[in-house]
Amino acid sequence: MFALVDCNNFYVSCERVFNPALIGKPVVVLSNNDGCFIARSDEAKALGLPMGGPAFKFRDILEKNRVRVFSANFPLYGDMSSRVMATIGDLAPEIEIYSIDEAFIDLGSFSRFGLEHHAARIRATVRKHTGIPVSIGIGSTKTLAKAANRMAKKNPGYEGVCMISTQKEIIDALATLKVDDIWGIGRQWNRLLETRNIRTALDYSRAPASWIRKNLHIPGIRIQEELNGHSCLRLEQVRPPKQSICTSRSFGRTVTALDELQQAVATFAGKCSRKLRKEGSVASMLTVFICTSPFEEPHRKYRGTRTLAMPRPSQDTISVIRAAELALASIYREGFEYKKAGVIVSGLAPAQSFGRELTLFDTEAAAGNDRQKSLMEAMERINRRYGPAAVRIAAENEDAWKPNQAMKSAHYTTGWSDIITLGG
Amino acid sequence: MPGILDGDLLVIDKALDPKEGDIAVCFIDGEFTVKRIARTNGELCLMPANERFKPIRITEANDFTIWGIVTYVIHKAR
């Protein structure tokens, strides 16, 4: 069985941990440059403030309801994410960090009847140790776990944990799940499915496989199989959604030395930045994880995860690698046999609004994509040998673009000068 | 709070369950404060700094939270 652990309104919950007065009040967090809503408390959702909505359009609602508005504080969210993931990792044998606020875990080794109990324990522990509320969905496939998670979130009666395992539970769940809320189904597919009158996940699970194969190909078939309880997606096999990009790999042999890990992580980071450029996105946060085999003896087992805020949103190879090296250095422990490492970039935003990097990497790229690529690769090689800043792009000027973040909370967990001060 | 001076740095463990004698960081009336936890009549209470005030009983329904337990107090020597 798989479980998806998902933090509730994650960025808002991070703000609330260090400012409990926000609990029960409408709260929103704005994107870089204070543009759009990227997180909303339940109270803010109830006011009709939409995800991605531009803040200026909703000024009246914000003011009238005294909504507390925050600029994105990625150093805080990244650090809290590391804490949440580490806590989940302690309680689950195998974990796939899927995004800054979601993790899949394989509950295979727990008996079926203990599953909900164990999930409730994970939920309570994460809440207590980090202050972050999470919801957990359990199902026999990742797609069903995702659907169950949605139910756990929507229905307070579940107390944050929902398992769909019997045939009846699965059918009931799928009947209430709209097609475009199925994991992996995008807008275009949704439109196509509508023309066939496939509106719920149940419709989809019962649609003729031949039609799906013809129109939605293998990924579509895979989703249908998963909805029908046949697991096709193992832990860590799926490409994360566009909100984050992950590059990770299991090593063919065990790796113990830091410089070998550095090389692997730098390579993954380089891949992530190339994917970012391809998608025209910049990343605000970066996560590095390293781990030993989950089957090691407890004292030989280690998993390190670190999420950092990028100095500024970036798609540039050098910045991404530099952040990855910093993150790696903070989690590396000597004496363990590492089996796997990965890099995740998240907090993605379109590159258009981020100034000068574009002239170097996007417009010119159209003229000479290959030249661009070999330039980046040459730079990576030089920097790997002579240190992360041996060569860099002159346009990388920290002061050139300062985001407008007027309402940012303190770096409670990452800056000594920002720790909370207590009264008497 | 005895043992804690102005300007001291507190190390807080959120994972611990509160028990008698602990020093806790609490969130009360919109502010973080430090309180000692005591047991009276079998119930855990927060002891206010000013002895003229009554201890606050710790129950589920209270509108304050125990944010974390203080495990170390670091005092600046210069």
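Refer to the preceding data block for the structure.
Criteria and thresholds
Residues numbered from 1 in each chain as written. Chains lettered and ligands numbered in written order. Predicted model: local features only at pLDDT ≥ 70, side-chain atom pairs only at ≥ 80, totals over all residues. Heavy atoms only, no water. Helix = DSSP H or I, 4+ residues; strand = E, 2+ residues; numbered from the N terminus. Buried < 20%, exposed > 50% of the residue type's maximum accessible area, 1.4 Å probe, protein only. Contact = heavy atoms within 4.5 Å. Areas by Shrake-Rupley, 256 points an atom, 1.4 Å probe, with all protein chains shown as cover. Expected span 1.5 Å × (residues − 1). Buried area = accessible area lost by both parts, 1.4 Å probe. Salt bridge = Lys/Arg side-chain N within 4 Å of Asp/Glu carboxyl O. Nonpolar A, V, L, I, M, F, W, Y, C, P; charged D, E, K, R; others polar. Pairing = 2+ DSSP bridges. Axes fitted to C-alpha atoms, helices over the stretch in contact; angles between N-to-C directions. Left-handed = near helix turned anticlockwise from the far one by under 90°. Parallel < 35°, antiparallel > 145°, perpendicular 65-115°, else oblique. Arc of directions from axis to C-beta.

Draft legend 1. The arrangement of the overall build of chain A in detail. Helix and strand counts for chain A stand at 14 helices and 13 strands. Burial status across chain A gives 50% buried among its 424 residues. For chain A, contacts bridging at least 24 residues in sequence account for 68% of all contacts bridging at least 6. Here chain A displays about 20,400 Å² of accessible surface, and carbon together with sulfur accounts for 51% of that area.

Draft legend 2. Expanded view of helix α6 (residues 142-154) of chain A. If you check α6 of chain A, its first and last C-alpha atoms are 18 Å apart, about what 13 residues at 1.5 Å a residue would give, namely 18 Å. Within α6 of chain A the residues assigned to the buried category are Lys142, Thr143, Leu144, Ala145, Ala147, Ala148, Asn149, Met151 and Ala152 of chain A.

Draft legend 3. Main features of the interface of chain B and chain A. Of the residues lining the interface, 13 residues belong to chain B; the matching set on chain A comes to 14 residues. A per-residue breakdown of the area chain B buries against chain A is headed by Lys14, Phe32 and Trp67 of chain B, which together make up 45% of the total. There are one salt bridge connecting chain B and chain A. In this structure, Lys128 of chain A and Asp17 of chain B form a salt bridge, with 3.4 Å as the shortest nitrogen-oxygen distance. If you list the elements that add at least two residues to the side of chain B that touches chain A, you get β1 (9-13), β2 (23-28) and β3 (31-40) of chain B. In terms of residues, the side of chain B that touches chain A owes the most to one element, β3 of chain B, which gives four residues. Of the residues in the side of chain B that touches chain A, the class split is nine nonpolar, one polar and three charged.

Draft legend 4. Region of interest: the sheet that holds strand β6 (residues 102-106) of chain A. Residues and elements named next belong to chain A. Sheet architecture is open: five strands sit in the order β5-β6-β1-β7-β8, paired in mixed fashion. Every interior strand has two partners, whereas the edge strands, β5 (94-99) and β8 (161-163), have only one. Sheet twist, expressed as the average angle between the axes of neighbouring strands with direction ignored, equals 20°. Inspection of the sheet shows strand β1 (residues 2-7) paired to β6 by five bridges, in the antiparallel sense. Each bridged residue has a counterpart across the sheet, and for Asp6 the counterpart in β6 is Glu102.

Draft legend 5. Region of interest: the pattern of salt bridges. Across all of its chains, the model carries 14 salt bridges over all chains by this definition. A single salt-bridge network, built from bridges that share partners, covers Asp79, Arg83 and Arg306 of chain A.

Draft legend 6. The packing of helix α11 (residues 258-279) of chain A against helix α12 (residues 317-331) of chain A, seen in detail. Residues and elements named next belong to chain A. Close contact between α11 and α12 brings their axes to 8 Å; oriented N to C, the two are set at 140°. Considering the relative orientation of α11 and α12, their crossing is right-handed. Taking contact as the criterion, the partners of Leu258, Leu261, Gln262, Val265, Ala266, Ala269, Gly270, Ser273, Leu276 and Arg277 in α11 are, on α12, Thr317, Val320, Ile321, Ala324 and Leu328. A per-class count over the contact of α11 with α12 returns 10 nonpolar, four polar and one charged.

Draft legend 7. Summary view of the environment of Lys339 of chain A. Residues and elements named next belong to chain A. Within the secondary structure, Lys339 sits in strand β12 (residues 338-346). For the pair Lys339 and Pro294, spaced 45 residues apart in the sequence, the C-alpha separation amounts to 9.0 Å. The residues touching Lys339, leaving out its near neighbours within four places in the chain, are Arg249, Ser250, Phe251, Gly252, Arg253, Thr254, Cys291, Thr292 and Ser293.

Draft legend 8. Quick peek at the packing of helix α8 (residues 187-195) of chain A against helix α10 (residues 209-227) of chain A. Residues and elements named next belong to chain A. α10 packs onto α8 with a crossing angle of 130° between their chain directions and a minimal axis gap of 12 Å. Classified by the angle between their axes, α8 and α10 sit oblique to one another. Seen along the crossing, α8 lies across α10 with a hand that is left-handed. Each of Trp189, Leu192 and Leu193 in α8 lies in contact with α10, whose residues at this interface are Trp211, Asn215, Leu216, Pro219, Gly220 and Ile223. Split by residue class, the contact of α8 with α10 holds seven nonpolar, two polar and no charged.

Draft legend 9. Geometry of helix α5 (residues 115-130) of chain A. Residues and elements named next belong to chain A. With 16 residues, α5 ought to run about 22 Å at 1.5 Å a step, and its terminal C-alpha atoms sit 22 Å apart, in line with that. Those residues of α5 not exposed but buried are Leu115, His118, Ala119, Ile122, Thr125, Val126 and Thr130. Buried residues in α5, looked at end-on, bunch into an arc of 125°, giving them a common side. Lining the buried residues of α5 we find α1 (10-18), α4 (74-91), β6, β7 (134-139) and β8.

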